[in-house]
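Summary of the model geometry
Each chain is listed here by its residues.
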Amino acid sequence: MRKKILLAFTVFSMTVCAQDDVNVQCEDTCTHVHGIDLSHYQGEVFWETVGSNTKMAYVYLKATEGGDRIDPTYERNIQLAQKNGLKVGSYHYYRPKTEQAKQLENFKTQCLPGEQDLLPMIDVETTQGLSTDEFCDSLFKFLDMIEEAYKQKPLLYTFRNFYNRHLVGKIDDYQLMIAMYTAEEPVLADERDITMWQYTGKGRIVGINGYVDKSRFMGKHGLREIRFKH
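Description of the structure in this document. These numbers were taken from a predicted model, which means no experiment stands behind them. (Residues numbered from 1 in each chain as written. Predicted model: local features only at pLDDT ≥ 70, side-chain atom pairs only at ≥ 80, totals over all residues. Heavy atoms only, no water.)

Tracing the sequence through the fold places N106 in helix α4 (residues 100-110). In this structure, the C-alpha to C-alpha distance between N106 and I70, residues 36 residues apart in sequence, is 7.7 Å. Setting aside residues up to four positions removed in sequence, N106 forms contacts with T64, E65, G66, G67, D68, R69 and I70. (Helix = DSSP H or I, 4+ residues; strand = E, 2+ residues; numbered from the N terminus. Contact = heavy atoms within 4.5 Å.)

What follows is the structure, given as structure tokens:
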């Protein structure tokens, strides 16, 4: 019985280590540029610790969602993240069934051009029950409005499977951050270029309680490509 328990513990430990390897990726040994994204789910962040003791170079902060939701930690986070040396971008969680003009105005109240280091990012991960054509019609109208408002195309965030199901060949002019939580780099159905990869939703960083999303640039891509043009 004792041997079985030890064997089970060993297997469990190996599994946890393998999962940890996926979550850490190569951030401690590689030359890729790594970063995080945060919202109120992470609670109070100790930005001085994050800025001093991690390899994270940038952070995307949730600013808004839909037509009226504002992340309550956004204002504090953007000020302290920049103060402690991180390049900062802001993102909006897109709701396809909510009027685009209301969503734009909501985002504009928080994502102020003078405070941005990085391109605005649009988080696209639900159709809210719309058909692909209806969803795309809604999304593309909003993206055009964002580009007009900020004078540059936003970065788009989505999951690999969501892209493959709804967006293949339809957003070639946009840079992508693709979420896929595996040890292997993501490859899209149309094999198009990916600028950034969110490789885990269960990362750990000193200074942040609980899990945090981590991402990195793919290949030779880097921060200069997503800088906010003032």
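Having seen the structure, we can now continue with the description.
Burial analysis of strand β4 (residues 87-93) places six of its seven residues in the buried class, which makes it a mostly covered element. One ladder, built from seven bridges, connects strand β2 (residues 56-65) with β4; its direction is parallel. Following the sheet pairing, Y60 is matched in β4 by G89. Sheet topology note: the β4/strand β5 (residues 121-123) ladder contains three bridges and is parallel. The residue of β5 that forms the bridge with H92 is I122. Handedness of the crossover is the feature at issue here: the chain leaves β4, passes through α4, returns alongside β5, and the resulting connection is right-handed. (Buried < 20%, exposed > 50% of the residue type's maximum accessible area, 1.4 Å probe, protein only. Pairing = 2+ DSSP bridges. Right-handed = clockwise from strand over helix to strand, strands pointing away.)

When its volume is computed, the largest pocket comes out at roughly 420 Å³. The set of elements that each furnish at least two residues to the lining of the largest pocket consists of β1 (34-38), β2, β3 (69-70), β4, β5, β6 (155-159) and β9 (208-217). Residue classes in the lining of the largest pocket are distributed as eleven nonpolar, five polar and nine charged. (1 Å grid on protein atoms, 1.4 Å probe; cavity = no way out; pocket = protein on both sides within 12 Å on 5 of 7 lines; lining within 4 Å. Points joined across faces, edges and corners; volume = space filled by probe spheres on them. Nonpolar A, V, L, I, M, F, W, Y, C, P; charged D, E, K, R; others polar.)

Right, let's talk about the pattern of salt bridges for a bit. Enumeration according to the criterion identifies eight salt bridges in this entry. The salt bridge involving K153 is made with E147; its shortest N-O contact spans 3.1 Å. Overall, K153 belongs to the partly exposed group, its relative accessible area being 31%. (Salt bridge = Lys/Arg side-chain N within 4 Å of Asp/Glu carboxyl O.)

Further remarks concern the pairing of β9. As judged from the four bridges shared by β1 and β9, these two strands associate in the antiparallel manner. Among the inter-strand pairings, G35 is bridged to a residue of β9, identified as S215. Relative to β9, strand β8 (residues 196-205) is paired through six bridges, and the arrangement is antiparallel. Note on β9: the bridge partner recorded for I205 is I208. Hairpin connection between β8 and β9: a loop of two residues separates the two successive antiparallel strands, and G207 in this loop has a positive phi of roughly 110°.

Attention now goes to the side chain of T127. Looking at the element boundaries, T127 is found in the loop between β5 and α5 (132-150). In contact with T127, not counting residues within four places along its chain, are P96, F135, F162 and H166.

In this structure, L38, W47 and V59 are the most contacted members of the largest nonpolar core, which totals 46 residues. If one sorts the elements of this core by residue count, α5 sits on top with seven residues. Excluding its chain neighbours within four sequence positions, the residues that come into contact with V59 are I36, D37, L38, W47, A81, L86, K87, V88 and G89. (Core = buried A, V, L, I, M, F, W, Y, C linked by side-chain atoms within 4.5 Å.)

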